[in-house]
Structure formats: structure tokens, C-alpha cells
Amino acid sequence: TTEFVILPHRDSKDVFILGGTDDIQVLLDDSTINIATIASSRYVGPLKSRVDDWQKQLALFNQTLEEWLNCQRNWLYLESIFNAPDIQRQLPAEAKMFLQVDKSWKEIMRKVNRLPNALRAATQPGRSFKVSVMTETLSFRLSGFYFLSNDELLEILAQTRNPQAVQPHLRKCFDSISKLEFALMHPTEGKIPGIDTEPERVFTNDILAMLSPEGERVGLGKGLKARGNVEEWLGKVEEAMFTALRRLCKAAIADYQGKPRTEW
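Residues numbered from 1 in each chain as written. Predicted model: local features only at pLDDT ≥ 70, side-chain atom pairs only at ≥ 80, totals over all residues. Heavy atoms only, no water.

- Naming follows an unreviewed UniProt entry, where the protein appears as Dynein heavy chain linker domain-containing protein of Myodes glareolus.

**Details of the nonpolar core**
Then step 1. With 59 residues, the main nonpolar core has Phe 4, Trp 68, Leu 180, Ile 207 and Trp 233 as its most contacted residues.
Then step 2. Among residues more than four places away in sequence, those in contact with Leu 180 are Gln 167, Leu 170, Ile 207, Ala 209, Met 210, Leu 220, Trp 233 and Val 237. (Core = buried A, V, L, I, M, F, W, Y, C linked by side-chain atoms within 4.5 Å. Buried < 20%, exposed > 50% of the residue type's maximum accessible area, 1.4 Å probe, protein only. Contact = heavy atoms within 4.5 Å.)

**Focus: the pattern of salt bridges**
Then step 1. Tallied over the full model, the rule gives seven salt bridges.
Then step 2. Across the pair Arg 10 and Glu 79 runs a salt bridge, and its minimum N-O distance is 3.3 Å. Taken together, the residues span a long stretch of sequence, with Arg 10 in the loop between strand 1 (6-8) and strand 2 (16-18) and Glu 79 in helix 2 (residues 48-82) at a distance of 69 residues.
Then step 3. Looking at Arg 10, the relative accessible area reads 54%, which means it is exposed. (Salt bridge = Lys/Arg side-chain N within 4 Å of Asp/Glu carboxyl O. Helix = DSSP H or I, 4+ residues; strand = E, 2+ residues; numbered from the N terminus.)

**So, the sheet that holds strand 3 (residues 179-184)**
Paired through backbone hydrogen bonds, the strands of a sheet run either parallel or antiparallel to each other.
Then step 1. In spatial order, the strands read 3-4-5; together these three strands make up an open sheet with antiparallel pairing. The sheet terminates laterally at strand 3 and strand 5 (217-219), the two strands that pair on one side only. Neighbour to neighbour, the strand axes of the sheet diverge by 50° on average, direction disregarded.
Then step 2. Where strand 4 (residues 203-211) meets strand 5, three bridges bridge the pair, whose relative direction is antiparallel. Of the residues in strand 5, the one forming a bridge with Ala 209 is Gly 219.
Then step 3. Against the sheet, helix 9 (residues 230-257) makes contact with strand 3, strand 4 and strand 5, and its axis sits at roughly 100° relative to strand 5, the strand it touches most. (Pairing = 2+ DSSP bridges. Axes fitted to C-alpha atoms, helices over the stretch in contact; angles between N-to-C directions.)

**Looking at helix 9**
Then step 1. Relative to the 40 Å expected for 28 residues at 1.5 Å per residue, helix 9 spans 41 Å between its end C-alpha atoms, a close match to the ideal helical length.
Then step 2. By the burial criterion, the buried members of helix 9 are Val 230, Trp 233, Leu 234, Val 237, Ala 240, Met 241 and Ala 244. (Expected span 1.5 Å × (residues − 1).)

**Brief notes about the packing of aromatic side chains**
Then step 1. For the structure shown, the criterion picks out five aromatic pairs.
Then step 2. Taken together, Phe 4, Phe 61 and Trp 68 form an aromatic cluster joined through their ring pairs. (Phe/Tyr/Trp six-rings, centres within 6.5 Å; stacked < 30°, edge-to-face > 60°.)

**Digging into the environment of Arg 50**
Then step 1. Within the secondary structure, Arg 50 sits in helix 2.
Then step 2. Here Arg 50 falls in the exposed class, since its relative accessible area comes to 58%.
Then step 3. Linking Arg 50 and Glu 238, residues 188 residues apart in sequence, is a C-alpha distance of 59 Å.

Okay, here's the thing in C-alpha cells:
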């Protein structure tokens, strides 16, 4: 007879989430111990088939509940990200995948809100599998963002036309890049004669080098631009980083042969 606590999500009238499940977990653990005790009794013979059914049901309940809570946690996190129009525009494939899961999640929760009986809801045929697939899909989406908070991700994607907005977050995206060096616009470009006096430092979208927290500078070759979707040009920065470090490693090995170690 135990029912799930179902809560409206934010101020919505038809979007629901599971409330606290601690009491249900305690009951579930007690029931699992009770049925295991009965199963180990030597007098279980006449009702063994019923006991086996109960053990299967409780195991399924436990598995589904765990997946459900994981799914809910991921859904709540990603929903606040993919609700932003900027992110939907910047990550259309990811947004589409999230919306498919979002639709299934809301549908399941509406059904559970109508019939909140816990045992019935958690042991519906196919429900555990469906929730686990949803969890897996959301976890995959989540893995791309694990190093950034919602606010940081929104800040980067909302300012996609301003590559400088990424600078404060580079340490989280890469192990040892504290800053990217962008080319400066020529002082005469964009200047209004007779009005502008002190030339303002304006950066182009050409990326010249990467700088470590210790101030080491590694050039990244020519033609690298911060253009288009931020996750695409950051991917190109990563490729350029590999190429530059590989080139420098080769040069260093060759250099080692002809120089004293201290000088090298």
C-alpha cells in the first residue's frame, strides 16, 4: 500500500519529480530481509514459488528505484542547462537527445502521479529497462560538461561571439592552459579619426599561443581561429596543442645530442 511522494517540479502543473524516498528505502530493506529469512526456512516448501516471486519483485524494485533516482538527478541538472535558448542553439544534437529523454521522463512521472503505488510503479514491465536507458543517455550528455558548472557553461555559451569569455574557464577545460594568447587588432583598425585618441586593446579571433600558469608560452601554429561553436574551436585548440608539443618534443630530442645538459 506504500505510495511514492510525488512533487510538482518548480511551479509546473504537469511536470513531477519523486520526493524523498528514504522511508521507502527503509521499508524495502526490511521487506528484503524478511523475505530472505522466510526463503531460508526449512518450512518454505509449500509457498516457495510465492517467496521466489517476492524476491524477484523486491530485487527489481530496488534496481528500478536506484536507476530512477540517478535519472532524476541527471535530468534535473541537464534540464536547467538545456532550457536556455542559447544552449539549444549552440548544441542542437545534444538538445534534441535531451528532449527525447525529457519527453519520456515527464510521461512516466505523469503516470506515477496518477497511480503512485510504489510497488506497482517500480515493477511495471519494461520500466526498469526504460529508466536505465534514459539514465545512460543523460549520463553521456553529462560527461561533456562534468568540469563546468551550469553557470559557467551558460556564461561561455551565451557569449559565443566573444572568445575572451572562455579565458577564465580554461584551467577547468585543460590541465595546464591558464590563458590563450589572441592576436591584437591593428591600432588603426576600427578607429574614428579625430575622436579616438588612446588606442583600445582589441583582440581578433586569431589564437597565437597557449600560456601555462607558470607563464610558459607555446606557439600554436598558424591559421587557428576562435570561430563558430565554442566546443568546436576548443577542439581545434586541443589538436593544435598535440601538434605543437609533438613538434617541440622532437626538436628537444634532436637538440639534446649537441648541447651540454645544463644549457639544454
